[in-house]
Amino acid sequence: MTTGGFETALDFLTGEILAGRISAGERLPNERELASRLGASRSAVREAIKVLQAQGVVTSATGRTGGTTVGTGQGVAFGRMLKLHVALEAVSFAELTETRVVLERAAALAAVGGDGLDEVQQLADQMAEVQAPAEFNALDTAFHVAIAAMGNNRLIRDMTIAIREAVADQILQAERQIPGWDALREGLVQEHSGIVAALRAGEGEVAADRCEAHIRGAHRALG
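Sequence order sets the numbering: in each chain, residues are counted from 1 along the sequence as written. Restriction of local features to residues with pLDDT of at least 70 applies here, the model being predicted, together with a cutoff of 80 or more for giving and counting side-chain atom pairs; totals for whole chains, interfaces and linings are based on all residues. Values shown for side chains rest on all heavy atoms present in the structure; no hydrogens or waters enter the calculation.

Visitor: Can you walk me through the overall build of the protein chain in this structure?
Guide: Helix and strand content of the protein chain: 10 helices and two strands. Strands are runs of DSSP state E lasting at least 2 residues, helices are runs of H or I lasting at least 4, and numbering of each runs from the N terminus. Each helix and strand of the protein chain, placed in order from N terminus to C terminus, yields the pattern α-α-α-β-β-α-α-α-α-α-α-α. Overall, the protein chain is about 65 × 35 × 35 Å in size when its C-alpha atoms are taken along their principal axes. Buried positions account for 39% of the 223 residues belonging to the protein chain. Charge counting follows a simple rule: Lys and Arg are positive, Asp and Glu are negative, and His as well as the terminal groups are ignored. Working definition for charges: the position is that of NZ of Lys, CZ of Arg, CG of Asp or CD of Glu. Here the protein chain holds 21 positive side-chain charges and 29 negative ones, and the gap between their average locations is 8 Å. For every residue, the accessible area obtained with a 1.4 Å probe (protein chains only) is divided by the maximum for its type, and the residue is called buried under 20%, exposed over 50%, and partly exposed between those limits.

Put into structure tokens, the structure is as follows:
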């Protein structure tokens, strides 16, 4: 039996995942079992699991069917970390915008011929019907994430989610304060339609160019 505290529990769990002995979608043993196995306190095990949750490696749910499961929280976890770096001025909004351009160009190219274009179209149609910045912003995020998901590259998808998560508050605040929001919204709706049209036509380079112009234009408009 291994004995120790927080570091032991964290090293054990990460080691089991890296070695493939715990797979994505698999539920971890409960805190009591892990603590007994490691000779650690339940609080040490709990803190180790919280660290893995913050990293997006595991997710937890309560109730009879709850427990801690490996995987599926990476995008939001990346976003949380990026948001902190933005707050600490370690990463600027402009740098995130440039990174987003690179990612979304790659996503648009990879999306050609992929599944999910109907969902992207539906999101674009819904954005044409809403007025409130908060609702529009949520649909806008879903639109860009859906395109990223079409290419079946999970890292591009998760990094797209992360950047949107990191800048969501600033974008929403700017949208609420900007004069002429209605005109800007109409322009964004048209740009989204143009991106969808290029993807539907199988024109990846055109879609990528339109994504870049869309992102840079919105960045300038929102300041």
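Visitor: I tried to follow the confidence of the model for the protein chain on my own but got confused; where do I start?
Guide: Do not read the fine detail of predicted coordinates wherever pLDDT is low. Note: pLDDT gives the predictor's confidence per residue, expressed from 0 to 100. Per-residue confidence for the protein chain gives a mean pLDDT of 86; residues scoring 70 or more make up 92%. Mean pLDDT in the protein chain bottoms out at helix α4 (residues 74-87), which sits at 70, and peaks at helix α9 (residues 181-200), which reaches 96.

Visitor: Explanation requested: the packing of helix α5 (residues 93-111) against helix α8 (residues 154-177) in the structure shown.
Guide: Packed helices, taken two at a time, are described by the angle between their axes plus the distance between the axes. Convention adopted: a line fitted to C-alpha atoms gives each axis, helices being fitted over their contacting stretch, and angles between N-to-C directions are expressed from 0 to 180 degrees. Direction vectors running N to C along α5 and α8 enclose 145°, while the axes themselves pass 10 Å from each other. Where α5 crosses over α8, the handedness of that crossing is left-handed. Between α5 and α8, the residues in contact are Phe93, Leu96, Thr99, Arg100, Leu103, Glu104, Ala106 and Ala107 and Ile156, Met159, Thr160, Ile163, Arg164, Ala166, Val167, Gln170 and Ile171, respectively. The residue classification treats Ala, Val, Leu, Ile, Met, Phe, Trp, Tyr, Cys and Pro as nonpolar and Asp, Glu, Lys and Arg as charged. All others, Gly included, are polar. Its residues assigned to classes, the contact of α5 with α8 shows 11 nonpolar, three polar and three charged. Each crossing is labelled by how the near helix is turned from the far one, with a counterclockwise turn of less than a right angle marking it left-handed and a clockwise turn marking it right-handed. What makes two residues a contact is simply this: any of their non-hydrogen atoms within 4.5 Å.

Visitor: Help me understand the side chain of arginine 100 in this model?
Guide: Relative to the helices and strands, arginine 100 is located in helix α5. Exposure remark for arginine 100: the relative accessible area of 12% places this residue in the buried category. Ignoring sequence-local partners within four residues, the contact set of arginine 100 consists of His144, Ile163, Arg164 and Ile215.

Visitor: Teacher, can you tell me more about the packing of α5 against helix α10 (residues 204-222) here?
Guide: Look at α5 against α10: their axes get within 8 Å of each other, and the N-to-C directions meet at 160°. Comparing the axis directions of α5 and α10 gives the class roughly antiparallel. Relative to α10, the crossing made by α5 is right-handed. The residues of α10 that touch α5, namely those facing Phe93, Ala94, Thr97, Glu98, Arg100, Val101, Glu104, Arg105, Ala108 and Leu109, are Gly204, Glu205, Ala207, Ala208, Asp209, Cys211, Glu212, Ile215, Arg216 and His219. In terms of residue class, the contact of α5 with α10 is built from nine nonpolar, three polar and eight charged. Each angle receives one of four descriptions, namely roughly parallel if under 35 degrees, roughly antiparallel if over 145, roughly perpendicular if within 65 to 115, and oblique otherwise.

Visitor: What is the right way to look at the nonpolar core in this model?
Guide: Soluble globular proteins tend to bury their nonpolar side chains together. By size, the foremost hydrophobic cluster in this structure holds 27 residues, and its most contacted members are Val120, Phe136, Phe143, Ile147 and Leu199. Elements represented by at least two residues in this core include exactly α5, α6 (117-127), α7 (133-150), α9 and α10. With eight residues, α9 is the single largest residue contributor to this core. Here isoleucine 147 is in contact with Ala107, Ala108, Ala111, Val120, Ile195 and Leu199, once residues within four sequence places are set aside. With 17 residues, the next largest nonpolar core counts Ala9, Leu28, Leu34 and Val58 among its residues. Buried residues of nine kinds, namely Ala, Val, Leu, Ile, Met, Phe, Trp, Tyr and Cys, make up a nonpolar core once their side-chain atoms join them within 4.5 Å.

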